[in-house]
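One-letter residues, chain by chain:
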Amino acid sequence: MKQLVLVERISIIGHLVSMVFGLVGILVIIPNAELISGLSEFGQKAMELSMAGGGVTYMILGALGVFLFAYRTLGLGRALGFLIPSLSISLISELLGTSTGFPFGHYSYLSGLGYKISGLVPFTIPLSWFYVGCVSYILARAGLEVDKKPSFFRHVAAIFLGALLLTSWDFVLDPAMSQTALPFWYWQQPGAFFGMPYQNFAGWMGTGSLFMTVAALLWSKNPIKLDHYQVNLPLLVYLGNFGFATIMSLAAGFSIPVLLGLALGVAPAVWLWSKGSSVSATVNMEAATKEVTVANVKVAFK
């Protein structure tokens, strides 16, 4: 288990560091290509590798880190119960979107995000749906105490809030990533929201809600239990990815998407984290108290 924790932490740190390198490359190096000539041979090689595979690397590391976290804290069954639906449903949505325009609108992926499945969708895109979707749903589920006080309303609310956190990240990411100096996709029919069609957000909410609903059904017979400190990693991953998107959008001059994302994504995420942390700490304290009580009873009987 210690080895898994080590790999998980290395993956998450690598994920965050890779995003920083990506920001430097996209926002500093590419617009100022003359800077590359001033680097050493090693520096030029490192920058070349970063530009060629930086996007692929940070998504793979993010997916690996979050999967190991889910496996370690929730168990293999629950980890796969989220991984498989999120990968398959998001891939189907992306393939439909890039070929028919439903459910996101008409768009196409450019190079930079790895091998394209069916020549349409980079294999890393479903990975990003998985790891951001997973941390979003865990935050929502923990904050709403779904597993401590299960009810139909709490389950539905957790799915809605999880999908909202996921979509709010896209509020901020999509305008910049499609209109940066090195775009990763482009809209064939630009929309009214900073180049994006409003349909895109409905597609994100629908796709996220669908695979989170499947995961909720698969998890229904086995409630999850997280220690209060274990809710920290989902928040870290969410805020790290939101921060990457925020810097990209602000650099492109898009402040309104960032404000919307802060209001509909970051604020709820932090609130859910605070609720989930306090609830988990209370549950752990109650469990510890019961164990001490049982131990005292056994000693008394002896």
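Note that the structure is predicted; figures quoted are calculated from it, not measured.

Q: Sorry if this is basic, but what is going on with the UniProt feature "transmembrane region" (unreviewed entry) in the protein here?
A: Taken from the UniProt record, the annotation "transmembrane region" (unreviewed entry) applies to residues 12-30, 50-71, 78-97, 117-140, 152-172, 201-219, 231-248 and 254-273. Taken end to end, residues 117-140 is 71% helix and 12% strand, and its first and last C-alpha atoms sit 31 Å apart. Across residues 231-248, helical content stands at 94% and strand content at 0%; the span's end C-alpha atoms are separated by 27 Å.

Q: Help me out: how do you make sense of the packing of aromatic side chains in this one?
A: Pairs of aromatic rings are described using the distance from one ring centre to the other and the angle between the two planes. Applying the stated criterion across every chain, the model contains 21 aromatic pairs. When the ring of Trp129 is compared with that of Phe211, the centres are 6.2 Å apart and the planes differ by 80°; the resulting orientation is edge-to-face. Placement of Trp129 in helix H5 (residues 124-143) and of Phe211 in helix H7 (residues 199-219) is noted, with a sequence separation of 82 residues between them. Its relative accessible area of 0% is what places Phe211 among the buried residues. For the ring pair Phe171 and Phe193, a centre distance of 6.2 Å and an interplane angle of 50° mean the geometry is tilted.

Q: How should the pattern of salt bridges be read in this particular structure?
A: All told, the structure shown has 3 salt bridges when counted by the stated rule. One salt bridge in this structure joins Glu8 and Arg72, with 2.8 Å as the shortest N-O distance. Of this pair, Glu8 sits in helix H1 (residues 2-29) while Arg72 sits in helix H3 (residues 41-74), placing them 64 residues apart in sequence. Accessibility expressed as a relative area gives 27% for Arg72, which makes it partly exposed. We note a salt bridge from Glu145 to Lys149, for which the minimum N-O separation is 3.6 Å. The class for Lys149 is partly exposed, based on a relative accessible area of 40%.

Q: How should the confidence of the model for the protein be read in this particular structure?
A: As a note on interpretation, predicted positions should not be read in detail where pLDDT is low. Looking at the protein as a whole, its pLDDT mean stands at 87, while 83% of the residues score no less than 70. Predicted confidence is poor over residues 285-295, with pLDDT under 50, and the contacts of this stretch with residues over four places away or in other chains come to 0 contacts.

Q: Help me understand a nonpolar patch on the surface, please; the structure alone is not making it clear to me.
A: Taken together, Tyr71, Leu76, Leu80 and Ile84 make up a surface patch of nonpolar side chains, about 340 Å² in accessible area. It is helix H4 (residues 76-100) that contributes the most residues to the nonpolar patch, 3 residues altogether. Structurally, Ile84 is set in helix H4. Since its relative accessible area comes to 52%, Ile84 is described here as exposed.

Q: Sorry if this is basic, but what is going on with H5 here?
A: Given a rise of 1.5 Å per residue, 20 residues ought to cover 28 Å, and the 29 Å separating the end C-alpha atoms of H5 matches this to within 8%. Just downstream of H5, Glu145 is the residue with a positive phi angle, here 55°.

What counts, and at which threshold
- Residues numbered from 1 in each chain as written.
- Predicted model: local features only at pLDDT ≥ 70, side-chain atom pairs only at ≥ 80, totals over all residues.
- Heavy atoms only, no water.
- UniProt positions renumbered as here; feature names shortened; annotations may be inferred.
- Helix = DSSP H or I, 4+ residues; strand = E, 2+ residues; numbered from the N terminus.
- Phe/Tyr/Trp six-rings, centres within 6.5 Å; stacked < 30°, edge-to-face > 60°.
- Buried < 20%, exposed > 50% of the residue type's maximum accessible area, 1.4 Å probe, protein only.
- Salt bridge = Lys/Arg side-chain N within 4 Å of Asp/Glu carboxyl O.
- pLDDT = per-residue confidence, 0-100.
- Contact = heavy atoms within 4.5 Å.
- Patch = residues over 30% accessible without salt bridge, like charges linked within 9 Å, V, L, I, M, F, W, Y side chains within 5 Å.
- Areas by Shrake-Rupley, 256 points an atom, 1.4 Å probe, with all protein chains shown as cover.
- Expected span 1.5 Å × (residues − 1).

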